[in-house]
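# Observations on chain architecture
Here is what each chain is made of, one letter per residue.
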Amino acid sequence: MMDDFKRTYLCLCKEACVEPQECILNQLRDGCDGNLRKRLDLSTQSLPVDTCAILGKVLMNDIVFTELTLCDCMLNEEGAKLLLYGLCANTTIQMLDMKGNNLRAAGAETLGKLLRHNKSLKSLILEWNALGMWEEGFCVFCEGLRANKSLEHLDLRNNQINHQGVGELALALKHNNTLEELDLRWNNIGLLGGRALLCALQQNKILVRLELAGNNIPSDVLKAVEQAVDHNSECQVAMRESRTRSKVLTNEIQCLKVEKNKQFLNMMGVIDQQKEELVRSGRTVAVQVGQLQEALTEKSSIINSLRAKVQMTEAALTLSEQKSNDLKEFLEKTRMEKFELKEMLCKELKNDQEEACNREAKLTRELNTANGKNMELKNKVDELDRRCNVQHDQICQLKQELANVTAEMKQRILQTEERLEVEKKRCKQLLDDEETLRQKEELSRLKAAAVTNRAQAEEELIKVKNQIRLEEQERLLHLEEKLHVVSQTRDESQNRCTSQKQTINEIQAKNNKFTFEIEGLKRRIEELNEELSGKDQQKVAEVNNVRVELQEQIGHLQTERIAQEGLKEKISALERQLKVQSCNHRDAILDKENEISSLLEKVRMKDSEIIRMKEDEAQRASFLHNAILSYVQSSPLGAQCTKK
């Protein structure tokens, strides 16, 4: 850095065609030898105007030297101007010593400009000059001092300053807030200047040292000025202590703020991470919710299709139920027809039985009449034993034939009864098959009715058989009696044999007719039985077909119901998963919100602590200010100021 300064100095000297001075080069050489030296000492050296101009240009951009000493150099006013103009732009010079240079009006003006523009100068020594001889130049100097914000020490000894110049200086001191030491010894201040300085010290609380010896100032004014300066020094000490304390507190506050900022940044980082996690979890949850919604839409479409299928199946079920109801109605109609046919057959059988009974009664009557006539003929015709025997044999044959006929009739009746029983059994089976679907009670009732009818029919058959047996026994007894009578009336029987033969022929013809009629009835019964069996087979086939169709439909419906139950279980499982995921998401969101709220509460607590600390600092500063004010008011100088 020193080499740069030297190099620029030599270059400027070459440009200006000026020989560099040995004293300056020696100072720069000594500065290069001692690297830590930052003082440029040109005391007692004669510096011409050209060298002052070059030094001003070099010092304008210098960043090496902090102290510049120009004592007893007997500078020309023009050289001083050029040098001070260069120092106006300097930013490193803190001490300037220009003692014994006989600076006058032009120097005072340039010094005022220096004080106005320079921001780094802290100490200015101007002893043994003549700044106060020219009021205008010194006024410019005082205005520069008034505007200065960095100067702390000013030495104005032996500058021929009168009370007017001190008045301008006092006005500058009233507005200056940095000057702490001022040396005005061996000037011409006098009483007026002392009072002006005392008035300035009432407003200026920064000036700590003020030297006024050798200025013809009364002792009381000097004492007042000393007291004001001492008071300022004490205030400055207190202010320095308060500043140190405030600096310590500010440092602590800054440390706390740094820690709080770090904690806050960490908390914000944690909050940002949690927010990112929340955003990620929200995205994942949104993706999962979207997937679940898609699955739900698919399941809802499947459910809608299944509902449509269920509706179709329900419609099919309703149709099948309608068909079953129609079939039931048809079966009921067939049952009613069968019942009507049964009633018709029973009525016809009863009518046939009644007709047969009537015919048997007629035949028995006719036989009785014939037997009576035979007995009469036997009694009358004894002569015709052979014929009677023959007739007797014929009668026996007729009896046998009648017995056979009666036996055949009985057998036929039994066969018809057996057929009726078989038909009843078939009807019962059909009724059982039909009524087992939903009418078991009717079967029990029909069975009971059939049993009662069968019991009644059996009782009637037993009664008829007993009656026939009794009638046969009576007939046999009566015939035996008549045989006895016939033996007596043989003669009469011979006469009437021809008539009996004729009647027998008629009876045979009638029997033949009856046999033909019975055969026709049998055929009709067989045809009716065949028709009933065909109808029964058709109905059984239709019922079986309906049962098969119903079973198939029931199987399809059961499979569809099983599928629907499986889908319902899947839907319930998905809904449970959705509920669980939504609950987990809500819990996570609540946890994150609780964490965020806790972090915000922590931040608020830290802010409240910072605010509290600031309030404590403000209270401490206010306490210090009040203490300083109380101290100032309690001091004798403060009491004097208040009295004045």
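Just above, that's the structure.
Residues numbered from 1 in each chain as written. Predicted model: local features only at pLDDT ≥ 70, side-chain atom pairs only at ≥ 80, totals over all residues. Heavy atoms only, no water.

The description of two aromatic rings rests on the distance between their centres and on the angle between their planes. Inspection of every chain in the model, using the stated rule, returns two aromatic pairs. Here Phe-5 and Phe-65 contribute two aromatic rings whose centre-to-centre distance is 5.1 Å and whose plane-to-plane angle is 80 degrees, an arrangement assigned as edge-to-face. Separated by 60 residues along the polypeptide, Phe-5 in helix α1 (residues 2-16) and Phe-65 in the loop between α3 (49-60) and β2 (67-69) bring together distant segments of the chain. Across the pair, exposure class does not vary: Phe-5 and Phe-65 are buried alike. (Phe/Tyr/Trp six-rings, centres within 6.5 Å; stacked < 30°, edge-to-face > 60°. Helix = DSSP H or I, 4+ residues; strand = E, 2+ residues; numbered from the N terminus. Buried < 20%, exposed > 50% of the residue type's maximum accessible area, 1.4 Å probe, protein only.)

This part covers the side chain of Asn-232. Inspection of the secondary structure assignment puts Asn-232 in helix α9 (residues 219-380). Taking the relative accessible area as the measure of exposure, Asn-232 reaches 0% and is therefore buried. A distance of 3.2 Å separates a polar atom in the side chain of Asn-232 from the backbone oxygen of Asn-204. (Polar contact = N/O pair within 3.5 Å; in protein donor to acceptor, adjacent residues only side chain to side chain.)

Time to look at the environment of Glu-19. As for its position among the elements, Glu-19 is in the loop between α1 and α2 (22-33). Once the C-alpha coordinates of Glu-19 and Arg-469 are considered, the two residues, 450 residues apart in sequence, prove to be 191 Å apart.

Right, let's get into the pattern of salt bridges. Within this structure, the stated rule accounts for 13 salt bridges. Across the pair Glu-67 and Arg-39 runs a salt bridge whose closest N-O atoms are separated by 3.8 Å. Separated by 28 residues along the polypeptide, Glu-67 in strand β2 and Arg-39 in strand β1 (residues 39-41) bring together distant segments of the chain. Relative accessible area serves as the criterion here: at 29%, Glu-67 is assigned to the partly exposed category. (Salt bridge = Lys/Arg side-chain N within 4 Å of Asp/Glu carboxyl O.)

What follows deals with the state of the cysteines. All chains considered together, the criterion is met by zero disulfides. Between Cys-13, a cysteine without a disulfide, and Cys-11, which holds the nearest cysteine sulfur, the sulfur-to-sulfur distance is 9.3 Å. Judged by relative accessible area, which is 1%, Cys-13 ranks as buried. Here Cys-52 stays unpaired: no disulfide links it, and the sulfur of Cys-73, its closest cysteine neighbor, is 8.1 Å away. A relative accessible area of 0% places Cys-52 in the buried class. (Disulfide = S-S within 2.5 Å.)

This next bit is on unusual backbone geometry. Glycine aside, residues mostly have negative phi, and peptide bonds are mostly found in the trans state. One non-glycine residue, Asp-72, lies in the positive phi region at around 55 degrees. With respect to the secondary-structure elements, Asp-72 resides in the loop between β2 and α4 (77-88). Residue Asn-102 is not a glycine yet carries a positive backbone phi of 55 degrees. By secondary structure assignment, the location of Asn-102 is in the loop between β3 (95-97) and α5 (105-117). Note on Asn-102: relative accessible area 36%, which makes it partly exposed.

Moving on, we get to the packing of α5 against helix α6 (residues 135-147). A pair of packed helices is captured by two measures, namely the crossing angle of their axes and the spacing between those axes. Viewed as axis vectors pointing N to C, α5 and α6 meet at an angle of 10 degrees, and their least axial separation amounts to 7 Å. Viewed along their axes, α5 and α6 adopt a mutual orientation that is roughly parallel. Between α5 and α6, the contacting residues are Ala-105, Ala-108, Glu-109, Leu-111, Gly-112, Leu-115 and Arg-116 on the first element and Gly-137, Phe-138, Val-140, Phe-141, Glu-143, Gly-144, Leu-145 and Ala-147 on the second. Tallied by class, the residues present in the contact of α5 with α6 amount to nine nonpolar, three polar and three charged. (Axes fitted to C-alpha atoms, helices over the stretch in contact; angles between N-to-C directions. Parallel < 35°, antiparallel > 145°, perpendicular 65-115°, else oblique. Contact = heavy atoms within 4.5 Å. Nonpolar A, V, L, I, M, F, W, Y, C, P; charged D, E, K, R; others polar.)

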